[in-house]
Amino acid sequence: MIFSAFSPLLRHAGIANLTKDALLRMDAETAHGATITALRLGLAPQQEGSDAPELATSICGIELKNPVGMAAGFDKNAQVPRALALMGFGMVEIGTVTPRPQDGNPKPRLFRIPEAEGVINRMGFNNEGHEAAFERLKGERVPAALGVNIGANKDSEDFVADYVLGVNRFADLADYLTVNISSPNTPGLRNLQADEALRRLLGEVLSARAKAKTRVPVLLKIAPDLDEAGMDAVARVILDTDLDGLIVSNTTIGRDPVAGMENADETGGLSGKPLFALSTQRLAQMRQRVGALPIVGVGGIHSAETALAKFEAGANAVQLYSALVFGGLDMLDRIKAGLVSGIRAAGKGNIAELVGTKTEAWAQGRP
Ligand SMILES: Cc1cc2nc3c(=O)[nH]c(=O)nc-3n(C[C@H](O)[C@H](O)[C@H](O)COP(=O)(O)O)c2cc1C
């Protein structure tokens, strides 16, 4: 994927535009691989200084130096969590990892929609499996909250058992675990969001967690394509459990905001700018249903304003991915600086004071 991750670095070399243009002509997945390699080689820009105190917060008992995280799917194999933390992310979520390695869908499977600053992917959980990620993470010092996002192999006979394996493998190593049942690219996976299936899944996952040495927080990542009844069912089930939080949301199978645009007809999940309104409305609607349960807001953040809106809609922390494709990794600095200005402009002293201040309006879709 085109990460102008390179651009802050190359600006110093004076060839930023030339190289960025070259990257933008590259196939999206090749460019993503190149970006991971650059990060692995230590070529990414590192944050200078520390985060403003207004950004320090906590979620599920985890202290965050700032509430902006890298969403799952960027570092599927836990190759660069430390580099991402040093760049300035307050949380880094690796994965989705499945018990066994798998190739994912045939290429091409990652597409840009430049006109809308959207992305469609149907990667299909391509990853090297639990053991590879575990081996990389076990000696790693990551100066940010480390999340491990767990999933199920496509050909698994028992999806639930795969999540239990994920808990057993990563409970003592991660700061939190994400149970991802909302990828649209593994047939049948989203069925786990339905009432009885979700009850069984969370029952087994949370009893596996209870047996681990560490009580690792477990978050559930849901789709933005749930309707009111679907959201009611999720809320009903999770409020009966000791699940620690939600991540709202994954990509959408909807195409309304990009209809007619280049690549819009590709199968897969849509993310980036065109996902912002829907995912933020779903976030607010879930906030109304789950009281004070921690929620991570994800989907379409591409500026300080859109990041701030997630908090106002009810998020305790946020994550992003697709915007970095178009905006470059220096977008992280811009977002954090803009959040601090927004907090001060609102007369507040910390980001936590803005959480949920506009939930009602966002839930109605009228921010
Ligand atoms: C290429 C790509 C791969 C992704 N892979 C995963 C994944 O493996 N697991 C997951 O939970 N979410 C995955 N996501 C979804 C993101 O974590 C995020 O929820 C979604 O893209 C919305 O955020 P954004 O608009 O800021 O990108 C992926 C997204 C993209 C674009």
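Model, not experiment: these values are computed from the prediction.

Assigned secondary structure in the protein chain consists of 13 helices and 13 strands. Over its C-alpha atoms the protein chain spans a radius of gyration of 19 Å, differing by no more than 12% from the 21 Å that the globule rule assigns to 367 residues. With the C-alpha coordinates of the protein chain rotated into their principal frame, the extents come out at 55 × 50 × 45 Å. Taking all 367 residues of the protein chain together, the buried fraction comes to 52%.

Core analysis: the biggest nonpolar cluster contains 104 residues, and Phe89, Val92, Leu177, Leu246, Ala315 and Val318 have the highest contact counts within it. When residues in this core are grouped by element, the largest group, six residues, is from helix 9 (residues 276-290). Domain assignment of the residues forming this core places at least three in each of domain 1 (1-45) and domain 2 (50-363). When neighbours within four sequence positions are excluded, Phe89 is seen to be in contact with Val68, Gly69, Met70, Leu84, Ala144 and Leu332.

Bringing unusual backbone geometry into the picture now. The peptide bond linking Gly95 to Thr96 adopts the cis configuration, its omega dihedral lying at 10°. Structurally, Thr96 is set in strand 4 (residues 91-97). The amide bond that connects Val248 to the next residue, Ser249, takes the cis arrangement and shows omega of 15°. Within the chain, Asn263 stands out as a residue other than glycine whose phi angle is a positive 75°.

Among the 27 residues in the neighbourhood of the ligand, the closest are listed as Ala71, Gly73, Thr96, Ser271 and Ser322. Broken down by secondary-structure element, the contributors of at least two residues to the shell around the ligand are strand 4, strand 6 (118-121) and strand 11 (269-272). Of the residues contributing to the shell around the ligand, the split by class is 11 nonpolar, 14 polar and two charged.

This part is about the sheet that holds strand 6. Spatially, the three strands line up as an open sheet ordered 5-6-11, and their pairing is antiparallel. Looking at the sheet topology across the chains shown, the edges are occupied by strand 5 (110-113) and strand 11. Averaged over all neighbouring strand pairs, the angle between strand axes comes to 25°, with direction disregarded. One ladder, built from four bridges, connects strand 5 with strand 6; its direction is antiparallel. By the bridge assignment, Leu110 is partnered in strand 6 with Asn121.

With eight of 10 residues buried, helix 10 (residues 304-313) is to be regarded as a mostly interior element. For helix 10, the full list of buried residues reads Thr306, Ala307, Leu308, Ala309, Lys310, Phe311, Glu312 and Ala313. Check the buried side of helix 10 and you find it contacts strand 3 (68-70), helix 9, strand 12 (295-298), strand 13 (317-320), helix 12 (331-345) and helix 13 (359-363).

A few words on the confidence of the model for the protein chain. For the protein chain, mean pLDDT is 92; residues scoring 70 or higher make up 93% of the total. Predicted confidence is poor over residues 1-18, with pLDDT under 50, and the contacts of this stretch with residues over four places away or in other chains come to 47 contacts.

Cut-off values and rules
- Counting restarts for each chain, with residues numbered from 1 along the sequence as it is written.
- Under the rules for a predicted model, residues below a pLDDT of 70 receive no local features and side-chain atom pairs below 80 are neither given nor counted, while totals for whole chains, interfaces and linings still include all residues.
- A helix here means a DSSP run of H or I that spans at least four residues, while a strand means a run of E at least two residues long, and both kinds are numbered starting from the N terminus.
- Computation of the radius of gyration draws on C-alpha atoms, with the globule rule given as 2.2 Å multiplied by the number of residues to the power 0.38.
- In this scheme every C-beta is placed from the backbone, and a residue whose C-beta has 20 or more other C-beta atoms within 10 Å is buried, one with 12 or fewer is exposed, and one in between is partly exposed.
- In this usage, the nonpolar core is the set of buried Ala, Val, Leu, Ile, Met, Phe, Trp, Tyr and Cys residues whose C-beta atoms join them within 7 Å.
- Each domain's extent is set by a domain assignment, obtained either automatically or from a database.
- A residue pair is marked as a contact if its C-beta atoms, positioned from the backbone, fall within 7 Å.
- Defining nearness, a residue is near a molecule or strand when the C-beta atom obtained from its backbone falls within 6 Å of it.
- Three residue categories are used. Nonpolar comprises Ala, Val, Leu, Ile, Met, Phe, Trp, Tyr, Cys and Pro, charged comprises Asp, Glu, Lys and Arg, and polar comprises the others, including Gly.
- Following DSSP output, two strands are said to pair if at least two bridges run between them.
- Note on geometry: axes are C-alpha line fits, over the in-contact stretch for helices, and angles between N-to-C directions span 0 to 180 degrees.
- You can read pLDDT as the predictor saying how much it trusts each residue, on a scale of 0 to 100.

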